[in-house]
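Chain by chain, the residues:
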Amino acid sequence: MNESELIEIMYEKNFSKKQIDNLKKLSKRYSTSLYVTVHELADRFFRSLLVHIFSFLMVFHSYIYHSKNQGHTFGGVLLAAGTLGVAYVIFDFFAPLLQAYKARKVINVIKNKKIQK
């Protein structure tokens with residue numbers, strides 16, 4: 001599969017032009033093809049998902065523990081939601097969940113095309 005076909009599939013799976021350009025820069029920086037870069041990103045989807053789920057469970061557990069001691073307060077809810085939001089922004093910088101999910105969808109389309117041939 002050539003790069004233009006891959007980019008076409010990426011657009012179909014809702015990759016933005018900016019995301020595709022960033023992936024192209026990454027592939028040039030590490031001297032790999034765009035396909036390899038997208039495949040690596042797709043492989044990281046489950047790890048990224050686990051990091052997001054784990055952080056949600058940690059914040060939720062902390063909120064439950066805090067609410068047992070202090071009671072349910074609006075400030076406690078805001079603190080938990082804010083902590084989770086900040087954690088997700090930081091994690092998304094290092095482990096982009098949505099972009100990895102889109103890459104996984106692209107790889108699945110490519111695999112299905114290979115099977116059909």
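Heads up: the structure comes first, above all this text.
On a predicted model such as this, the values are computed, not experimentally measured, just so you know.

How each quantity is defined
Residues numbered from 1 in each chain as written. Predicted model: local features only at pLDDT ≥ 70, side-chain atom pairs only at ≥ 80, totals over all residues. Heavy atoms only, no water. Salt bridge = Lys/Arg side-chain N within 4 Å of Asp/Glu carboxyl O. Helix = DSSP H or I, 4+ residues; strand = E, 2+ residues; numbered from the N terminus. Buried < 20%, exposed > 50% of the residue type's maximum accessible area, 1.4 Å probe, protein only. Expected span 1.5 Å × (residues − 1). Arc of directions from axis to C-beta.

(A) Spatial organisation of the pattern of salt bridges. Under the definition given, this model contains one salt bridge. Between Lys17 and Asp21 there is a salt bridge, and its shortest N-O distance comes to 3.7 Å. Of the two residues, Lys17 and Asp21 are both situated in helix α2 (residues 17-29); the distance of four residues between them amounts to about one turn of the helix.

(B) Geometry of unusual backbone geometry. A positive phi angle is found at Asn14, which is not glycine, with a value near 70 degrees. Inspection of the secondary structure puts Asn14 in the loop between α1 (3-12) and α2. A relative accessible area of 54% means that Asn14 is categorised as exposed. For Ser31, which is not glycine, the phi dihedral falls at a positive 55 degrees. Assignment of secondary structure puts Ser31 in the loop between α2 and α3 (34-43).

(C) Region of the structure containing α2. Taking 1.5 Å per residue as the helical rise, α2 with its 13 residues ought to reach 18 Å, and the 18 Å between its terminal C-alpha atoms agrees with that figure. All of the buried residues in α2 are Gln19, Ile20, Leu23 and Ser27. Along the axis of α2, the buried residues cluster in a sector spanning 100 degrees; they form a single face. Facing away from the buried surface of α2 by more than 90 degrees, the exposed residues are Lys17, Lys18, Lys25, Lys28 and Arg29.

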